[in-house]
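One-letter residues, chain by chain:
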Amino acid sequence: MNKLNFNLGGGATNRLKAFTLAEVLITLAIIGVVAALTIPTVVTSSRRTEIESRLKKSYAQLSQALQLAIKDYGSVAGWEFLTVTKNEEANARFAKQYLTPYLKVAKDCTNNDSADCNYKYKNLRGAEIDTGADGDYTFYLADGTYVAVNTFTIDNMMIFVDANGHKKPNIYGYDIQAYYIERGNKKSLNGSLATRDINFSNNSACAIGKNGTQCINLIIQNGWKIPSKEEYVKFGGDATKYPFNNL
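Residues numbered from 1 in each chain as written. Predicted model: local features only at pLDDT ≥ 70, side-chain atom pairs only at ≥ 80, totals over all residues. Heavy atoms only, no water.

S.K.: Looking at this structure, I do not really get the sheet that holds strand E9 (residues 176-182). What am I missing?
M.R.: The strands making up a sheet associate through backbone hydrogen bonding, with each pair oriented either parallel or antiparallel. Spatial ordering of the open sheet is given by E3-E6-E7-E8-E9, a layout of five strands whose pairing is antiparallel. Edge positions in the sheet fall to strand E3 (105-108) and E9, since each of these pairs with one other strand and no more. For this sheet the average axis-to-axis angle between neighbouring strands, irrespective of direction, equals 30°. As paired elements, strand E6 (residues 137-141) and strand E7 (residues 146-153) share four bridges and run antiparallel to each other. When the sheet's bridge partners are listed, Tyr137 is paired in E7 with Val149. (Pairing = 2+ DSSP bridges. Helix = DSSP H or I, 4+ residues; strand = E, 2+ residues; numbered from the N terminus. Axes fitted to C-alpha atoms, helices over the stretch in contact; angles between N-to-C directions.)

S.K.: Help me understand the pairing of E9, please; the structure alone is not making it clear to me.
M.R.: Regular strands place their side chains on alternate faces of the sheet. Taking burial as the measure, the seven residues of E9 include seven buried ones, the bulk of the element. Here E9 shows a buried face lined by Ile176, Ala178, Tyr180 and Glu182 and a second buried face lined by Gln177, Tyr179 and Ile181. Of the pairings in the sheet, the one linking strand E8 (residues 156-162) to E9 comprises seven bridges and is antiparallel in character. Of the residues in E9, the one forming a bridge with Met158 is Tyr180. (Buried < 20%, exposed > 50% of the residue type's maximum accessible area, 1.4 Å probe, protein only.)

S.K.: What exactly am I supposed to notice about the nonpolar core here?
M.R.: Buried together is how nonpolar side chains tend to be arranged in soluble globular proteins. Judged by nonpolar contacts, the single largest core of 47 residues is most densely connected at Trp79, Phe94, Val149, Ile159, Tyr179, Ile181 and Phe244. Those elements that place two or more of their residues in this core are helix H1 (21-73), helix H2 (88-98), E6, E7, E8, E9 and helix H4 (215-221). For Ile181, the residues in contact, after removing those within four places along its chain, are Leu66, Val76, Trp79, Phe81, Phe94, Leu99, Asp155, Asn156, Met157, Ile159, Ser188 and Leu193. In this structure, Tyr119, Ala148, Phe160 and Ala194 belong to the second largest nonpolar core, which totals 14 residues. (Core = buried A, V, L, I, M, F, W, Y, C linked by side-chain atoms within 4.5 Å. Contact = heavy atoms within 4.5 Å.)

S.K.: Looking at this structure, I do not really get a nonpolar patch on the surface. What am I missing?
M.R.: A surface patch of nonpolar side chains, about 490 Å² in accessible area, is lined by Leu21, Val24, Leu25, Leu28 and Ile31. Mapped onto the elements of the fold, Leu21 is located in helix H1. (Patch = residues over 30% accessible without salt bridge, like charges linked within 9 Å, V, L, I, M, F, W, Y side chains within 5 Å. Areas by Shrake-Rupley, 256 points an atom, 1.4 Å probe, with all protein chains shown as cover. Salt bridge = Lys/Arg side-chain N within 4 Å of Asp/Glu carboxyl O.)

S.K.: What's the story with unusual backbone geometry in this structure? I'm lost.
M.R.: Note: most residues except glycine have negative phi, and most peptide bonds are trans. In this chain, Lys168 is followed by Pro169 through a cis amide linkage whose omega measures 15°. Relative to the helices and strands, Pro169 is located in the loop between E8 and E9. The phi angle at Asn170 is positive, at roughly 55°, despite the residue not being glycine. Structurally, Asn170 can be placed in the loop between E8 and E9. Judged by its relative accessible area of 6%, Asn170 is buried. We note that Trp224 has phi near 60°; this positive angle belongs to a residue other than glycine. Along the polypeptide, Trp224 turns up in the loop between H4 and helix H5 (229-234). Looking at Trp224, the relative accessible area reads 14%, which means it is buried.

S.K.: Where do I start with the state of the cysteines in this structure?
M.R.: The bond known as a disulfide is covalent and runs between the sulfur atoms of two cysteines. Overall, the coordinates contain two disulfides when judged by the stated rule. Note that Cys109 is cross-linked by a disulfide to Cys117, the S-S spacing being 2.0 Å. Torsion about the S-S bond of the Cys109 and Cys117 cystine: about -70°, corresponding to left-handed handedness. Among the residues examined, Cys109 registers a relative accessible area of 5% and is labelled buried. In the protein, the bonded cysteines, taken in the order they occur along the sequence, pair up as 1-2, 3-4. (Disulfide = S-S within 2.5 Å.)

S.K.: Is there a simple way to explain the environment of Asn156 in this structure?
M.R.: Structurally, the position occupied by Asn156 is in strand E8. A relative accessible area of 3% places Asn156 in the buried class. It is 5.7 Å that separates the C-alpha atoms of Asn156 and Ile181, two residues lying 25 residues apart in sequence. What Asn156 contacts, discounting residues up to four positions off in sequence, is Phe81, Asn150, Thr151, Tyr180, Ile181, Glu182 and Arg196.

S.K.: Is there a simple way to think about the pattern of salt bridges in this case?
M.R.: Once the charged atoms of two side chains with opposite charge are near each other, the side chains can pair. Applying the stated criterion across every chain, the model contains eight salt bridges. Residue Lys107 pairs with Asp116 through a salt bridge whose shortest N-O separation is 2.9 Å. Residue Lys107 is classed as partly exposed on the basis of its relative accessible area of 26%. A salt bridge links Arg183 to Asp155; the nearest nitrogen and oxygen atoms lie 2.6 Å apart. One end of the pair, Arg183, is in the loop between E9 and helix H3 (186-189); the other, Asp155, is in the loop between E7 and E8, and 28 residues separate them in sequence. Classification of Arg183 by relative accessible area gives partly exposed; the value is 24%.

All we've got here are geometric facts, nothing functional implied.
What follows is the structure, given as structure tokens:
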């Protein structure tokens, strides 16, 4: 560090300290390294928190709609489920009777080819899939949640939810989850959306190389928090197949 001398007139000299250019550059380099190490972590943490909050909210909104529909139409056990799949008109009929009247729908994506109505997402295998495929009836809620309704079986409707709409990362099992309204499911009968039980060995597992259907049950059981690797292992998962790295 250099010292600069200034004579203030009375013979007394004040010495002011100043950094050299090299010292300034070294300091800036250190700040840059620290920022590079910490900012991605902060961004990832913030995005996870947002997704967790939106997943919880969308589940509550849809479950409330289910409860209101039960009041109007009676038990899910007596509802008119579909007998055909991949039929957008039939899926729309179910949704418009039992769901959308009780939701704040901002946009109907029927026959809409806009980028936010038709976009691609990936499952935990890395396979790329188009939204709105297979006859889904799709729409947006007022808060930006994307919802697709489709027949899963003749007694079971799948409710596909992208919690943050078409914003990335668009990963099934992360910001995208699947729920069910099932004629014989205890949760559905009690007015809550059903989820798939946790099983780390089957095709629907929440694990790398699987499709991620069971991830939402894992998140719910973890207090609506995306589990850390340590929490994932406690639930019975294999650390080497932890699906939420870098998300």
